[in-house]
Amino acid sequence: MKRFAQVILKTANADIDRVFDYEIPLELISSMEVGVRVSVPFGPKNTRTEGYVVGFSDSPGVDENKIKMVIGVLDRYPVFSEETIRLSRWMKKKYYTTLTQCLQTVMPAGVGIRNEVRLIGFNVPKEELENEKSRLKLMESRIGQLFVIEFIEKFGPSEASEIKRRLKISDSPIKTLIKRGILKEEIKQKRRPVFNSVKTEQKKIELTKEQNFALEAVNAPSDKPVLIHGVTGSGKTEIYLKAIENVISKGKEAIVLVPEISLTPQLSQRFFERFGNAAAINHSRMSPGERIEVWQKAKNKEISIVIGPRSAVFAPFENIGIIIIDEEHEGSYISENTPKYDAREVAEYRCRNGGKVVYGTATPSIKTYTRALNGEIDLVKLKNRPFNREMPVTEIVDMRQELAFGNRSIFSRRLYDEIKYNLERNMQTILFINRRGYSTFISCRKCGHVMMCKRCNVSYTYHSHDNILRCHYCGQTASVPEICPECGSKYIKYFGTGTQKVEEEVKRFFPSAVVLRMDMDTTSKKNSHRDILSEFGKGNADILIGTQMIAKGHDFPKVTLVGVIAADISLNTGDYRSGETTFQLITQVSGRAGRDMLAGKVVIQTYNPDNYIINLAAKSDYESFYEKEIAIRKTMGYPPFTNLFSALIFGERENEVIDEANRLSYILEKNNGDEKFMILGPSPAVISKINDEYRWRIFIKGNDENDLRDFVVNCVNEHRKGRCRRVTVNISLNPQSIV
Ligand code: ADP
Ligand code: ZN
Ligand code: ZN
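Residues numbered from 1 in each chain as written. Chains lettered and ligands numbered in written order. Predicted model: local features only at pLDDT ≥ 70, side-chain atom pairs only at ≥ 80, totals over all residues. Heavy atoms only, no water.

A. Spatial organisation of the overall build of the protein chain. A count of helical and extended segments in the protein chain gives 21 helices and 31 strands. In terms of overall size, the protein chain behaves like a compact globule, its C-alpha atoms giving a radius of gyration of 30 Å where 739 residues would be expected to give roughly 27 Å. When the backbone C-alpha atoms are referred to their principal axes, the protein chain occupies close to 95 × 65 × 65 Å. Per-residue burial for the protein chain yields a buried fraction of 52% across its 739 residues. A separation of at least 24 residues holds for 73% of the contacts in the protein chain among residues at least 6 apart in sequence. Total accessible area on the protein chain is roughly 35300 Å²; 49% of this is exposed by carbon and sulfur atoms. In the protein chain, which carries 110 positive and 93 negative side-chain charges, the distance between the mean positions of the two groups comes to 2 Å. (Helix = DSSP H or I, 4+ residues; strand = E, 2+ residues; numbered from the N terminus. Rg over C-alpha atoms; globule rule 2.2 N^0.38 Å. Buried < 20%, exposed > 50% of the residue type's maximum accessible area, 1.4 Å probe, protein only. Contact = heavy atoms within 4.5 Å. Areas by Shrake-Rupley, 256 points an atom, 1.4 Å probe, with all protein chains shown as cover. Lys, Arg positive; Asp, Glu negative; His and termini not counted. Charge placed at Lys NZ, Arg CZ, Asp CG, Glu CD.)

See the structure below:
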């Protein structure tokens, strides 16, 4: 009886994103498994195409005479499981994309790059080899074969590609030698050390009462997720470690998601100390081979804990006991590539049959906290740091008064005094400014003209290091004008502050201090994050200046002062989430002060000292912040009260973009006969041009997420037919930021 494989083709084309049946030739039946990749003919020209086997059948869905044959099997072991296929089907619907794209996302990056080497070595004893060499020496046309033998004698068994490259020869001498039985090919698994740490002696930590209470909630048999809402430094990580111990002792597996692994070396270190080689890290800076190795170890049950950023949520464990999502509020849990999955949602899906999802943060996202208040998530709180270590003392400084007093520097008198005092007693300081570069924008004092990037509708940022204006959206640079291009006035003013300016000012006021700066400009090299943090952690610098990169989970015992240079920066970004982001940033960065036995101090500088967000963040009063914020969201009809779809329409020609935006809007309106959804726009996006592409936006609001998604996806599909090819439409549900 014939057998047929159900194959999904690896191509992004949405029109062929379905199962195709292929007949399995007899000789391939034994190597066929769900989850292997195959090579199949496709289309009128029978182009060789890669595909994924998702199932089998005895009778194909179409006429048997039209069925084509599988050409070959590409993997010796499956690269995904039945569970992965279910997960991909769910993702396809949830994130409105193709099944093939979902399958590619859940596979370890770089599948297809073999984790094995084929080494060419000798197949005959030494004497015979000598004879062979003497014979070859006599035949000039066989000189290539001689070189190959000599090469292997010298370097040992080697990869064919290596031999070819070094000897600058073709395949044929190697092939001939193999055919003649002089050489043979051996397959060896590549081995790489994936984790470098061993279990070390641990200090015994007794959980506090609060921590124990939280741990009980985590261990409870309820299938709801748990939100641990604990102030910074309240010992959440200790709870994670204990919960994982418990899960592992039952023979189950754990996944720990962190916002960005390179920013949290200390956290992963703590997992290695506790679990040694049972834990492995998986992150984007590892090579594909290294990542595949982690995946294989997870599949083969050689490890039981995977730690990593959002993609670690796909670790191929079969018996997940717990998925921990640290710093739950972080935007990086949502993928910016298609499928735009939310690792938190994927985690809950993967735990639907008995695993536990644990969210931990000092500043829950509005969405997650709302779900907790609605009873969808169990909520536990840690209100204190262990041993009643004090929360840092915070102080808000009104920068308008500084100006009135005649202080034009970026440091208020309070902050200046505190830095000076901290330097004198040899303690460390963190200065936080949520903007890189030097000044926000430069403008003319006389006419107010602001220097803008010509390709993007945004103002240039001044970078003092190379004395240049740079666009942070497209990278375009321009020189600093001597006179205003609009009115010719000589009075050009620099507004705002960035990390570079703070660095310069620190050096001016505190010339003896050792300063480190951490932002996108100083961390582009591979290990620079780690280097900067480790220098600071070792106490080799007095002051660390940085963007939100320094706001996350670090634990530096000698930091007793945190200065927030300009708390207002993230407040007015034109985004409904700006309040939430500002609260999170200030709270998180303040939490870096006084982590150890030493008391901490936080100075927050602002031009809006009465702003409730800044005041509540200073007090770490999340609950009051939430109440205010949720009231605003309700009045404005923002998520979580409604779901908001954004459709971004962009392209190089403005008139085409506008036409397509109008056409999409027309289709939306037409299909919205009963006015179930609210359609806003089209209108130019907040940033109406990026990189020479014009951007228009339509917002679609609705109550039920699934209804809304179906509606928008159907309309966009209808709109795709006959759409101008130079215009692209991107849709996203409740996007992180709207610019
Ligand atoms: P969080 O993850 O909430 O920021 P951590 O787990 O990093 O907090 O804890 C902060 C510090 O307190 C760490 O140095 C940790 O080792 C210590 N700590 C946490 N819980 C306890 C405890 N029960 N006993 C002693 N030290 C603790
Ligand atoms: Zn001017
Ligand atoms: Zn630009």
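Moving on from the model shown.
B. Looking closely at the sheet that holds strand 13 (residues 305-308). Strand order in the open sheet formed by 7 strands is 12-13-11-14-15-10-16, with parallel pairing between adjacent strands. Each edge of the sheet is formed by a strand with only one pairing partner; in this case those strands are strand 12 (279-281) and strand 16 (378-382). For this sheet, the mean angle separating the axes of adjacent strands, direction not counted, is 15°. Summarising the sheet, strand 12 and strand 13 pair through 3 bridges and their orientation is parallel. Each bridged residue has a counterpart across the sheet, and for I281 the counterpart in strand 13 is I307. The strands touched by helix 8 (residues 236-249) within the sheet are strand 10 (226-230), strand 11 (253-257), strand 13, strand 14 (320-326), strand 15 (356-361) and strand 16, with strand 14 carrying the most contacts at an inclination of about 170°. (Pairing = 2+ DSSP bridges. Axes fitted to C-alpha atoms, helices over the stretch in contact; angles between N-to-C directions.)

C. Quick look at the packing of helix 3 (residues 126-137) against helix 4 (residues 143-155). One can describe the packing of helix 3 onto helix 4 by two numbers: an axis separation of 9 Å at closest approach and a directional angle of 145°. In this structure, helix 3 meets helix 4 at a crossing whose hand is left-handed. When helix 3 is examined against helix 4, the residues K126, L129, E130, E132, K133, L136 and K137 are found in contact with a partner set consisting of Q145, L146, I149, E150 and E153. A class-by-class count of the residues in the contact of helix 3 with helix 4 yields 4 nonpolar, 1 polar and 7 charged. (Left-handed = near helix turned anticlockwise from the far one by under 90°. Nonpolar A, V, L, I, M, F, W, Y, C, P; charged D, E, K, R; others polar.)

D. Quick peek at the site of ligand 1. In the vicinity of ligand 1 lie 17 residues, with E206, Q211, K236, T237 and R270 positioned nearest. Residue S234 places a main-chain N or O atom 3.2 Å away from an oxygen atom belonging to ligand 1. Between ligand 1 and R270, the relevant distance is 2.8 Å, taken from an oxygen atom to a side-chain nitrogen or oxygen of the residue. The protein chains hide 86% of the 560 Å² of surface that ligand 1 would expose on its own. With 3 residues, the top contributor of residues to the shell around ligand 1 is helix 8. (Near = heavy atom within 4 Å. Polar contact = N/O pair within 3.5 Å; in protein donor to acceptor, adjacent residues only side chain to side chain.)

E. Region of the structure containing the side chain of Q211. Within the secondary structure, Q211 sits in helix 7 (residues 209-219). Taking relative accessible area as the criterion, Q211 reaches 3% and is therefore assigned buried. In this structure the side chain of Q211 is engaged in a polar contact, spanning 3.0 Å, whose partner is the backbone oxygen of G235. Setting aside chain neighbours within four positions, we find Q211 in contact with E206, S234, G235, E238, I239 and L382.

F. Expanded view of helix 20 (residues 654-671). Over its 18 residues, helix 20 runs 26 Å from end to end, which matches the ideal 26 Å to within 8%, given 1.5 Å per residue. Where helix 20 is concerned, the buried positions are E656, V657, E660, A661, L664, S665, I667 and L668. Taken end-on, helix 20 shows its buried residues confined to a sector of 170°, consistent with a single buried face. Turned more than 90 degrees away from the buried face of helix 20, the exposed residues are N655, D659 and Y666. Buried positions along helix 20 lie against strand 28 (643-651), strand 29 (678-690), strand 30 (693-702), helix 21 (705-720) and strand 31 (727-733). (Expected span 1.5 Å × (residues − 1). Arc of directions from axis to C-beta.)

G. The nonpolar core, seen in detail. I228, I244, F271, V313, F314 and I322 are the most contacted members of the largest nonpolar core, which has 100 residues in total. One finds V657, I698, I700 and V729 within the second-largest nonpolar core, a separate group that totals 23 residues. (Core = buried A, V, L, I, M, F, W, Y, C linked by side-chain atoms within 4.5 Å.)

H. A look at the packing of helix 20 against helix 21. In contact at an axis separation of 9 Å, helix 20 and helix 21 are set at 130° when each is read in the N-to-C sense. Classed by the angle they form, the pair helix 20 and helix 21 counts as oblique. The crossing of helix 20 and helix 21 is right-handed. Residues E660, R663, L664, I667, L668, K670 and N671 of helix 20 touch helix 21, and the partners they reach there are F711, C715, V716, E718 and H719. For the contact of helix 20 with helix 21, a count of residues per class yields 6 nonpolar, 2 polar and 4 charged. (Parallel < 35°, antiparallel > 145°, perpendicular 65-115°, else oblique.)

I. Seen up close, the sheet that holds strand 21 (residues 468-470). One open sheet accounts for 3 strands, arranged 20-21-22; its pairing is antiparallel. Among the strands making up the open sheet, the edge pair consists of strand 20 (461-463) and strand 22 (477-478). Bridging between strand 20 and strand 21 involves 3 bridges; their strand directions are antiparallel. Its bridge partner being in strand 21, Y462 is matched across the sheet by L469.

J. Representation of the packing of aromatic side chains in the model. Under the criterion given, the structure shown has 19 aromatic pairs. Ring plane angle 40° and centroid distance 4.7 Å describe the contact between F151 and F155, whose orientation is recorded as tilted. With F151 and F155 both in helix 4 and 4 residues apart, the pair spans about one turn of that helix. Aromatic pair Y622 and F625: ring centres 6.1 Å apart, planes at 55°, arrangement tilted. In this pair, Y622 and F625 both sit in helix 19 (residues 622-636), 3 residues apart, roughly one turn of the helix. Residue classification places Y622 among the buried positions, given a relative accessible area of 2%. (Phe/Tyr/Trp six-rings, centres within 6.5 Å; stacked < 30°, edge-to-face > 60°.)

K. Local environment of the pattern of salt bridges. Within this structure, the stated rule accounts for 48 salt bridges. Note that R414 and E418 form a salt bridge whose closest N and O atoms lie 2.9 Å from each other. Placement of the pair is R414 and E418 together in helix 14 (residues 413-424), with a separation of 4 residues, close to one helical turn. A relative accessible area of 29% places R414 in the partly exposed class. Beyond isolated ion pairs, a larger network of salt bridges with shared partners links E238, E245, R270 and R274. (Salt bridge = Lys/Arg side-chain N within 4 Å of Asp/Glu carboxyl O.)

L. Looking closely at the state of the cysteines. In total, this model carries 0 disulfides according to the counting rule given. Looking at the unpaired C724, the closest cysteine sulfur is the one in C715, lying at 20 Å. (Disulfide = S-S within 2.5 Å.)

M. Up close: the environment of L103. Examined against the element boundaries, L103 turns out to sit in helix 2 (residues 99-106). According to the relative accessible area criterion, L103 is buried, its value standing at 0%. Residues L103 and V79, 24 residues apart in the sequence, show an inter-C-alpha distance of 9.8 Å. Ignoring any residue separated from it by four or fewer positions in sequence, one finds L103 in contact with I8, Y52, V54, F80, I85 and S88.

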